[in-house]
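# Reading the structure
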Amino acid sequence: MLLAGAGCEARDGGGAEETEAVAVAPGELVSDAAHYAGQPIRLERVAVASRLGPGQAFWIRLPGDVPYLIKLDAALADRGGQLAGGDVVSVSGVVREMNDSVLADWEQKGAIRNEGHRAEAQFAITFLEAAELRKH
């Protein structure tokens, strides 16, 4: 099942253009996720560890049992995309840095609904804003 959202876009000046997501091995995110901030990447066949909040975000487990946060973009979240722990997915999107503004935006849009969700999301230094999701 392939769900596609808004797509990966690179902004240059005032315009936007389609950018190919680069395949990244999950272990690379363990060692240097911040290196990919602002870049479109693709993760192949990663297991969902657990959901965060009402289903617009979920955690995957990287090598070394390191959790990594995936947030579905608005187009994917509107289509549902409900996942459960143990599901295997391939996901593409842009790596973003987590900060208070992101958390406030997620709260406003209902992606996280309480202090527990917020506290959990704060553990992420970066996250992948998914524009495409394939459940295997």
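Residues numbered from 1 in each chain as written. Predicted model: local features only at pLDDT ≥ 70, side-chain atom pairs only at ≥ 80, totals over all residues. Heavy atoms only, no water.

With that out of the way, let us pick up the packing of aromatic side chains. According to the stated counting rule, one finds 1 aromatic pair in the structure shown. The interplanar angle of 75 degrees and the centroid separation of 5.0 Å between the aromatic rings of W106 and F127 together place this pair among those described as edge-to-face. With W106 in helix α3 (residues 100-108) and F127 in strand β9 (residues 126-135), the pair connects residues that are 21 residues apart, well separated along the chain. Overall, F127 belongs to the buried group, its relative accessible area being 3%. (Phe/Tyr/Trp six-rings, centres within 6.5 Å; stacked < 30°, edge-to-face > 60°. Helix = DSSP H or I, 4+ residues; strand = E, 2+ residues; numbered from the N terminus. Buried < 20%, exposed > 50% of the residue type's maximum accessible area, 1.4 Å probe, protein only.)

Turning next to the nonpolar core. L29, L43, F58, Y68 and I70 are the most contacted members of the largest nonpolar core, which totals 22 residues. Those elements giving two or more residues to this core turn out to be β5 (40-52), β6 (57-62), β7 (66-72), β8 (88-97) and β9. It is β5 that provides the largest number of residues to this core, a total of 4 residues. Those residues within four positions of L43 in sequence are excluded, and the remaining contacts are V24, P26, L29, I60, I70, V89, S90, V91 and L128. Listed in part, the 13 residues of the second largest apolar core include V102, L103, A121 and A124. (Core = buried A, V, L, I, M, F, W, Y, C linked by side-chain atoms within 4.5 Å. Contact = heavy atoms within 4.5 Å.)

On to the environment of L76. Looking at the secondary structure, you find L76 in helix α2 (residues 74-78). Between the alpha carbons of L76 and A131 there is a distance of 6.9 Å; along the sequence they are 55 residues apart.

What follows concerns the side chain of T126. Within the secondary structure layout, T126 lies in strand β9. Within the structure, the side chain of T126 is placed 2.9 Å from the side chain of Y68, a separation counted as a polar contact. Those residues within four positions of T126 in sequence are excluded, and the remaining contacts are A33, A34, Y68, V95, R96, E97 and M98. (Polar contact = N/O pair within 3.5 Å; in protein donor to acceptor, adjacent residues only side chain to side chain.)

To continue, consider the layout of surface pockets. One number sums up the size of the second largest pocket: a volume of about 210 Å³. Taken together, 13 residues form the lining of the second largest pocket, with A33, P67, Y68, I125 and T126 sitting closest to its centre. Those elements giving two or more residues to the lining of the second largest pocket turn out to be α1 (26-32), β6 and β7. Counting residues per element, the lining of the second largest pocket draws most heavily on β7, at 4 residues. (1 Å grid on protein atoms, 1.4 Å probe; cavity = no way out; pocket = protein on both sides within 12 Å on 5 of 7 lines; lining within 4 Å. Points joined across faces, edges and corners; volume = space filled by probe spheres on them.)

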